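Read off the chains here:
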Amino acid sequence: ATYEAHFFTLFPTASLTNSYIDPVASTVTNQETIVYLFNPNASGITITPTCTSCSGTIAVAANTSASFTVPHGEAVKFVSGGPVFTAVGAMGSQSCCGASDASSTYDWGFTLVPANILTTQVVLGWAPGASDVPPSSATYDPVWATTFAATTLHVDFDGDPVRSSPIPEGPA
């Protein structure tokens, strides 16, 4: 692949949960994001994906997996309603369209985030993602923030948490 990276964190079975967040999806038609849901239980489970374009449920038989194609540009929350499962995502790994298949351009994987470990605050170090300062593109080092309810994000640019201000709408 021209660009490839796979970041899979394997959680111990005792740490599995019944709700995961996929914070990212492709915005390019021939670079699909596929989520793979694994059911480690002795009986089948039903998983509900939640997003603007999502509908229906996903049946996952005992000790097997099922896949879900993430709608372009949307984050998805997956919930089983009780039984635990685990999930990983693959960006561009199972793309479509024959000659226009761009999976070798951007091919990367990631573990979905267990919803029960989400936090209301995060601290990120500054990293421009490029050697040119200031960077010539705002896309070198993105930070994805996924919310499933109305949310105000505050960004503290100087390290003084007393004076945080709401992030401007649109790309910053």
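Everything that follows concerns the structure shown earlier in this document.
Notes on the structure follow. Please read these numbers as outputs of a predicted model, since none were measured by experiment.

1. Focus on the overall build of the protein chain
- Secondary structure assignment for the protein chain yields 0 helices and 12 strands.
- Reading the protein chain from its N terminus to its C terminus gives the helix and strand order β-β-β-β-β-β-β-β-β-β-β-β.
- Looking at the protein chain residue by residue over its 172 residues, the buried ones come to 29%.
- Taking the intrachain contacts of the protein chain between residues at least 6 apart in sequence as the baseline, contacts between residues at least 24 apart amount to 68%.
- Carbon and sulfur atoms make up 56% of the accessible area of the protein chain, which totals about 10700 Å².

2. Brief notes about the nonpolar core
- In terms of nonpolar packing, the biggest core is built from 23 residues, with Leu37, Phe78 and Phe85 touching the most fellow members.
- Of all the elements in the fold, those that place two or more residues in this core are strand E3 (33-38), strand E4 (45-50), strand E5 (58-60), strand E6 (65-69), strand E7 (76-79), strand E8 (86-91) and strand E9 (107-111).
- Setting aside its immediate chain neighbours within four residues, Leu37 contacts Ile47, Ile58, Val60, Thr64, Ser65, Ala66, Phe78, Phe85, Thr86 and Ala87.

3. Considering the side chain of Ser26
- Locating Ser26 in the fold gives a position in the loop between strand E2 (19-22) and E3.
- Once residues within four sequence positions are removed from consideration, Ser26 is found in contact with Gln31, Thr33, His72, Gly73 and Met91.

4. Section: the pairing of E3
- Of the pairings in the sheet, the one linking E3 to E8 comprises 6 bridges and is antiparallel in character. Pairing of Leu37 across the sheet is with Ala87, part of E8.
- Here E3 pairs with E6 via 5 bridges, running antiparallel. Residue pairing in the sheet places Leu37 in a bridge with Ala66 of E6.

5. What about the state of the cysteines?
- Going through the model one piece at a time under the given rule, you end up with 1 disulfide.
- Across the disulfide, Cys51 is cross-linked to Cys54 (sulfur-sulfur distance 2.1 Å). The disulfide joining Cys51 to Cys54 has a torsion of about 95° about its S-S bond and is therefore right-handed.
- Take Cys54: its relative accessible area is 17%, and that puts it in the buried class.

6. Structural notes on the pairing of E7
- Where burial is concerned, the two faces of E7 differ: the one with Val76 and Phe78 is buried and the one with Lys77 and Val79 is not.
- Looking at chain direction, E4 and E7 are connected through 3 bridges and run antiparallel. Bridge pairing links Thr48 to Val79 in E7.

7. Re the packing of aromatic side chains
- Under the counting rule described, the total for this entry stands at 3 aromatic pairs.
- Relative to Phe110, the ring of Trp108 has its centre 5.4 Å away and its plane inclined at 45°; by these criteria the two rings are tilted. There is no split in this pair, since Trp108 and Phe110 are both buried.

Reading guide: rules and limits
- Residues numbered from 1 in each chain as written.
- Predicted model: local features only at pLDDT ≥ 70, side-chain atom pairs only at ≥ 80, totals over all residues.
- Heavy atoms only, no water.
- Helix = DSSP H or I, 4+ residues; strand = E, 2+ residues; numbered from the N terminus.
- Buried < 20%, exposed > 50% of the residue type's maximum accessible area, 1.4 Å probe, protein only.
- Contact = heavy atoms within 4.5 Å.
- Areas by Shrake-Rupley, 256 points an atom, 1.4 Å probe, with all protein chains shown as cover.
- Core = buried A, V, L, I, M, F, W, Y, C linked by side-chain atoms within 4.5 Å.
- Pairing = 2+ DSSP bridges.
- Disulfide = S-S within 2.5 Å.
- Phe/Tyr/Trp six-rings, centres within 6.5 Å; stacked < 30°, edge-to-face > 60°.

Don't take any of this as a statement about function, it's just geometry.
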